Amino acid sequence: MKFGILLTSGVERRDLYTASRLARAALGQGHEVKMFVMGDGVQHLVEHPKNQSVGELRWLLDAGVEVTCCGVSSELRGLAQNRLVPGVGWGNQHDHACLVNWSDRYLAFGP
C-alpha cells in the first residue's frame, strides 16, 4: 500500500512526530510512504540546531521516504531551499497533486 502524508502545521504542534510514527509503522509492514509539507509545516524542515524536528525528518529521509516541501510556502516564510535539511525536495502544488494521485491512503495533519 502507498501512504501519502500532508503536513501543514507548524512546530508548535507535534504533528510531524505523529506522522513520522505512522510512517515508521507503515514502512515496517513493507508499505511505501511519501510526504508533502506546506503552510507552516515548512518550519519543520529548517536545518537548525534548535529545530527538534530534524531528527525525525532525517530518519524519514534515511528510511527512503520522499519528503517534498511547497516552494511557495517556504519562500513566503523567508526559507530558501538551501536552508532546508538536505534531501528534502523543493516542489509545488502539482507535486502535491501527484502525491495524492499516487496514494492508496492519504493522511493530512494540520489545523
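Residues numbered from 1 in each chain as written. Predicted model: local features only at pLDDT ≥ 70, side-chain atom pairs only at ≥ 80, totals over all residues. Heavy atoms only, no water.

Trainee: Is there a simple way to think about the side chain of S73 in this case?
Mentor: With respect to the helices, strands and loops of the structure, S73 is situated in helix α3 (residues 71-76). One polar contact links the side chain of S73 to the main-chain amide nitrogen of G39, over a distance of 2.9 Å. In this view, S73 contacts M38, G39 and V42; residues no more than four positions away in its chain are not counted. (Helix = DSSP H or I, 4+ residues; strand = E, 2+ residues; numbered from the N terminus. Polar contact = N/O pair within 3.5 Å; in protein donor to acceptor, adjacent residues only side chain to side chain. Contact = heavy atoms within 4.5 Å.)

Trainee: I would appreciate a short explanation of the pairing of strand β3 (residues 66-70) in the present structure.
Mentor: Within β3, four of the five residues are buried, which leaves the element mostly enclosed by the surrounding structure. Following the chain from strand β2 (residues 32-37) across helix α2 (residues 54-62) to the adjacent parallel β3, one finds a crossover that is right-handed. One ladder, built from three bridges, connects β3 with strand β4 (residues 89-91); its direction is parallel. Among the inter-strand pairings, T68 is bridged to a residue of β4, identified as G89. (Buried < 20%, exposed > 50% of the residue type's maximum accessible area, 1.4 Å probe, protein only. Right-handed = clockwise from strand over helix to strand, strands pointing away. Pairing = 2+ DSSP bridges.)

Trainee: How do you make sense of the nonpolar core when you look at a structure like this?
Mentor: Most often, soluble globular proteins keep nonpolar side chains buried together rather than apart. Ranked by size, the top nonpolar core spans 25 residues in total, and within it M35, L45, V67 and V88 carry the most contacts. Those elements giving two or more residues to this core turn out to be β1 (2-7), α1 (15-28), β2, α2 and β3. Non-local contacts of V88, meaning those with residues more than four positions away in its chain, are made with L45, L57, L61, V67 and C69. (Core = buried A, V, L, I, M, F, W, Y, C linked by side-chain atoms within 4.5 Å.)

Trainee: Explain the environment of T68 to me, please; I cannot follow it from the model alone.
Mentor: Along the polypeptide, T68 turns up in strand β3. Assessed through its relative accessible area of 13%, T68 is described here as buried. Ignoring sequence-local partners within four residues, the contact set of T68 consists of M35, F36, V37, G89, W90, G91 and D95.

Trainee: Quick question: what am I supposed to make of helix α4 (residues 93-102) here?
Mentor: Three- or four-residue spacings in an α-helix give side chains the same orientation, since the helix completes a turn every 3.6 residues. Burial in α4 covers these residues: H96, L99 and W102. Along α4, the residues classed as buried sweep out an arc of 125 degrees about the axis, all on the same side. In α4, those exposed residues whose orientation departs by more than 90 degrees from the buried face are H94 and N101. Where α4 is buried, its residues touch β1, β2 and β5 (105-109). Measuring from the side-chain oxygen of the N-cap residue of α4 to the backbone nitrogen of H94 gives 2.9 Å; that N-cap residue is N92. (Arc of directions from axis to C-beta.)

Trainee: What is the right way to read the packing of α1 against α2 from this model?
Mentor: Helix-helix packing: each pair is described by the crossing angle between the helix axes and the interaxial distance. Viewed as axis vectors pointing N to C, α1 and α2 meet at an angle of 25 degrees, and their least axial separation amounts to 10 Å. On the basis of the axis angle, α1 is roughly parallel to α2. At the point where α1 passes α2, the crossing takes the left-handed sense. Contacts between α1 and α2 involve L16, Y17, S20, R21, A23, R24 and L27 from the first element and E56, W59 and L60 from the second. Tallied by class, the residues present in the contact of α1 with α2 amount to six nonpolar, one polar and three charged. (Axes fitted to C-alpha atoms, helices over the stretch in contact; angles between N-to-C directions. Parallel < 35°, antiparallel > 145°, perpendicular 65-115°, else oblique. Left-handed = near helix turned anticlockwise from the far one by under 90°. Nonpolar A, V, L, I, M, F, W, Y, C, P; charged D, E, K, R; others polar.)

Distances and angles like these do not, on their own, reveal function.
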